[in-house]
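Structural description and commentary
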Amino acid sequence: APELAGSTAVVTGGASGIGLATARLLSARGARVACLDLEPDGVPDPLIGIRADVSDDDAVRTAVEQAARLLGGIDILVNNAGIGAQGTIEDNPDDEWRRVFDVNVFGIVRTTRAALPHLRRSSHAAIVNTCSIAATAGLPDRALYSATKGAVLSLTRATAADLVHDGIRVNCVNPGTADTPWIARLLDRADDPEAERAALTARQPLGRLVTADEVAAAIAYLASPLSGSTTGTDLAVDGGMSGL
Ligand code: NAD
């Protein structure tokens with residue numbers, strides 16, 4: 001049987017980029033998968049698309065209950081929904097800080113809380129959060145975004161400590177620059193998109209951008225029983241950016 005046959009998974013931000021690649025991979029390995037997203041309509045079969053904004057507590061509760069009902073439980077939660085923010089500490093007004101924290105950090109808090117009763121019933125529960133190398137890299141012009149990802153890293157470790165008694169593992173992945181619609185939007189906004197892509201590529205020790213499938217493979221590993229002895233860790237998938 002495929003590795004995740006009989007398992008069930010919820011992936012937030014599962015309609016695009018890293019989330020969609022993860023949902024597809026978990027499904028290919030045998031899991032039944034629900035994608036919670038602002039725009040779930042394009043999610044391909046057999047993935048189940050469910051509309052929810054992770055910054056809306058009621059919507060998250062309803063969506064997670066619907067997912068658990070349709071899937072027959074939740075073994076795996078991938079907290080991947082996230083938004084970007086550019087700027088130094090002076091550039092973003094307080095409202096913007098609240099808005100981005102509300103999605104990138106509180107979105108994980110809400111979705112995890114809502115899923116926990118279901119995860120506790122699983123014999124092999126795992127939570128994987130999509131963090132970023134921004135959590136620790138000290139990137140210029142990314143104060144707000146980096147602060148949210150720093151919080152995701154701490155939250156991952158602390159939650160792993162709390163949930164270890166329930167047998168629920170909690171880990172995160174730290175993508176570097178992953179070639180997703182997110183990066184496409186960033187390049188679209190640049191004065192010279194081709195030059196910007198070349199500049200991004202030049203910063204990659206391995207000489208190319210990370211693919212969504214590579215990040216998905218790391219998430220799928222941390223979500224599967226093959227990583228059964230791993231909890232409270234972060235795994236970089238960043239072309240060598242943080243390690244070299
Ligand atoms: P993406 O924009 O392609 O996909 C993000 C998905 O999240 C979209 O489908 C979007 O609709 C959904 N989403 C956004 N806000 C939401 C909300 N409030 N509620 C529900 N869904 C919401 O981006 P991606 O590159 O696949 O990024 C996914 C994650 O990876 C994010 O957490 C991001 O911070 C992280 N990340 C990406 C990169 C990169 O280079 N692409 C690097 C490091 C970390």
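As annotated in an unreviewed UniProt entry, the protein chain is NAD(P)-dependent dehydrogenase (Short-subunit alcohol dehydrogenase family) from Saccharothrix saharensis. Its UniProt record gives the protein chain the following Sequence similarities (unreviewed entry) comment, quoted word for word: "Belongs to the short-chain dehydrogenases/reductases (SDR) family."

The next point concerns the domain arrangement of the protein chain. Many descriptions give the size of an interface as the accessible area lost when the pieces come together. With domains assigned, the protein chain is organised as domain 1 (8-175 + 211-235) and domain 2 (178-209). When each unit is reduced to the centre of its C-alpha atoms, the spacing between domain 1 and domain 2 is 24 Å. Contact with domain 1, which involves eight residues of that partner, is made by five residues of domain 2. Elements with a minimum of two residues in the side of domain 1 that touches domain 2: α1 (17-28) and α9 (212-223). Across the side of domain 1 that touches domain 2, the residue classes break down as four nonpolar, four polar and no charged.

Around the ligand, 28 residues are found, and the nearest of them are Gly13, Ser16, Gly17, Gly82 and Trp182. Looking at the shell around the ligand, its residues break down into 13 nonpolar, twelve polar and three charged. Here the shell around the ligand gathers at least three residues from each of two domains, domain 1 (8-175 + 211-235) and domain 2 (178-209).

Pairing in this open sheet of seven strands is parallel, and the strands run β3-β2-β1-β4-β5-β6-β7 from one edge to the other. Looking at which strands have only one partner, the edges of the open sheet turn out to be β3 (48-51) and β7 (234-237). Within this sheet the neighbouring strands show an average axis-to-axis angle of 20°, counted without direction. Bridge count between strand β2 (residues 32-37) and β3: four bridges; the pairing is parallel. If you follow alanine 34 over to β3, its bridge partner there is isoleucine 48. The strands touched by helix α6 (residues 143-163) are β5 (126-130), β6 (169-175) and β7; relative to β6, the strand with the most contacts, the crossing angle is about 160°.

Definitions and limits used
Residues numbered from 1 in each chain as written. Predicted model: local features only at pLDDT ≥ 70, side-chain atom pairs only at ≥ 80, totals over all residues. UniProt positions renumbered as here; feature names shortened; annotations may be inferred. Domains from an automatic or database assignment. Contact = placed C-beta atoms within 7 Å. Helix = DSSP H or I, 4+ residues; strand = E, 2+ residues; numbered from the N terminus. Nonpolar A, V, L, I, M, F, W, Y, C, P; charged D, E, K, R; others polar. Near = placed C-beta within 6 Å. Pairing = 2+ DSSP bridges. Axes fitted to C-alpha atoms, helices over the stretch in contact; angles between N-to-C directions.

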